[in-house]
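Listed below are the residues making up each chain.
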Amino acid sequence: MLYYQPFPLTMAQGRGARLRDIDGHEYLDCVGEFSAGLYGHDEPEILGAIREVLNRGLVLAAPTDLEARMAALLQQRFPSLERLRFCNSGTEANLFAIATAIAVTGRRKVMVFRHAYHGGVLVFGDASLPMNVPHDFVMADYNDAEGARRIIEEQGGELAAVIVEPILGAGGNIPGAPGFLKALREATQRTGTILIFDEVKTSRCGPGGVQQLMGIRPDLTTMGKYVGGGLPCGVFGGRADLMDRFDPARPDALKHAGTFNNNVCTLAAGLAGLSRVFTPERAADFFSRSEDFRLSMNREFRERNLPMQCVGLGSMFSLHFTADPVNAPADIPAHSRLLGQLFHMHSLLKGVLVCARGDLFLSLPMTDADLQKVREVMLDFAASYPDVLTAG
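Quick caveat: nothing in here was measured; it's all calculated off a predicted structure.

Can you tell me about the pairing of strand S1 (residues 11–15), naming the residues and giving the values?
As defined by bridge partners, S1 adjoins strand S2 (residues 18–21) across four bridges and the pair is classed as antiparallel. Paired with Met11 across the bridge in S2 is Asp21. Remark: two residues form the turn of the hairpin made by S1 and S2, two consecutive strands paired antiparallel; Gly16 in that turn has positive phi of roughly 60 degrees.

Pasting the structure below:
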């Protein structure tokens, strides 16, 4: 994901919302480690928490108070997490959530959506990947409420889980329509299927993630990325009756091991970030400010009659080169992906680092001047390549 031709830049240092490469060039960081870099590169509260915990020892071979405090904080923000467990990445969190659903229901099939990404071994593009875990996957189209409902009802007693990103990240940061996500909730409840919300990225959208914005309570939720304050972290949890199967006192207990599941650096960093930096109030303000910026760009594109739009929600969006609505990956024309690669290089030359596939992730340290720079780079690109834009 970090590779692009002729070669990816090698970074030497990060400060705030900026990066410096080994040749000394500086960039405004809009990659944000694909949403993990919410806090920027040197948030004092997080660095201070890590330094403090380093003095207490690293691998303590036992539970620590940090686990309980971090869990309680997450439960306040995400009430659907009646019980939760920590792991080391969003990939792990999704693997364990799916495994939990299969073990509890006794069913084998898992429904996923085309062009979804749930981790390095859960990639669902146009072709099946040999590295994917060999579950019995059932494929559906994103934002097709009727199609998804029909598949869920047809599979009935064979479907253990439906896993969905409330915003289809790798597919173009396409938000799930409220009717689509609600249809998944209703259909899974009727069939006894476990609904998993992959909020590894989207939990940064407001104080309680997209599930709060949409008023939908999934059975299981997964998180990662920024939750560890910039260090490796994963979380999976949800309904108490499902997660209680991990109680080791039970004769039918499910096993969940991992040497670094409760590593103190991650928990200290995550706790500092959520309690002292990305508070519910700050999360709400950041979401509002980011969404205002995204929508203002789209208004400006329309006023200038430019075939461009920022598709996404809040601080995570993608620049697509089409004026038509984008509700599914099929709505993104092939020329948009090619123009995205040109935009990527154009931005680098202007000192703005964006994802090679066109994603942008805003971060807390970004100022109004930083957002203005992003705006100017987008408009400068349109002005520099008018014939290419109109030719499509």
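Can you tell me about the side chain of Ser336, naming the residues and giving the values?
Following the sequence through the fold, Ser336 ends up in helix H10 (residues 334–349). Classification of Ser336 as buried rests on a relative accessible area of 3%. When sequence neighbours within four positions are dropped, the list of residues in contact with Ser336 reads His320 and Phe321.

Outline the environment of Ala99, listing residues and values.
Relative to the elements of secondary structure, Ala99 occurs in helix H3 (residues 90–105). The spacing of Ala99 and Ile174 is 75 residues in sequence and 27 Å in space, taken between C-alpha atoms.

Tell me about the pattern of salt bridges, residues and numbers included.
In this structure the tally under the stated criterion is 23 salt bridges. Between Glu26 and Arg20 there is a salt bridge; the shortest N-O distance is 3.1 Å. With relative accessibility at 33%, the residue Arg20 sits in the partly exposed group. With its nearest N and O atoms 3.2 Å apart, the salt bridge here joins Arg304 to Glu300. For Arg304, a relative accessible area of 47% gives the class partly exposed.

Describe the sheet that holds strand S13 (residues 220–223), with residues and values.
Taken together, the seven strands give an open sheet; going across it, the order is S4-S14-S13-S12-S9-S5-S8, and neighbouring strands pair in mixed fashion. Edge strands, defined here as strands with exactly one partner in the open sheet, are strand S4 (83–87) and strand S8 (136–140). In this sheet, adjacent strand axes meet at a mean angle of 20 degrees when their direction is disregarded. When S13 meets strand S14 (residues 234–238), the two strands line up antiparallel, connected through four bridges. If you follow Met223 over to S14, its bridge partner there is Val235.

Quick one: what's the story with the environment of Ala356, residue by residue and with numbers?
Following the sequence through the fold, Ala356 ends up in the loop between strand S17 (352–353) and strand S18 (359–361). Along the sequence, Ala356 and Leu342 sit 14 residues apart, while their C-alpha atoms lie 9.1 Å from each other. Apart from residues no more than four positions distant in its own chain, Ala356 is found in contact with Tyr4, Gly340, Gln341 and His344.

Calculation criteria
- Residues numbered from 1 in each chain as written.
- Predicted model: local features only at pLDDT ≥ 70, side-chain atom pairs only at ≥ 80, totals over all residues.
- Heavy atoms only, no water.
- Pairing = 2+ DSSP bridges.
- Helix = DSSP H or I, 4+ residues; strand = E, 2+ residues; numbered from the N terminus.
- Buried < 20%, exposed > 50% of the residue type's maximum accessible area, 1.4 Å probe, protein only.
- Contact = heavy atoms within 4.5 Å.
- Salt bridge = Lys/Arg side-chain N within 4 Å of Asp/Glu carboxyl O.
- Axes fitted to C-alpha atoms, helices over the stretch in contact; angles between N-to-C directions.

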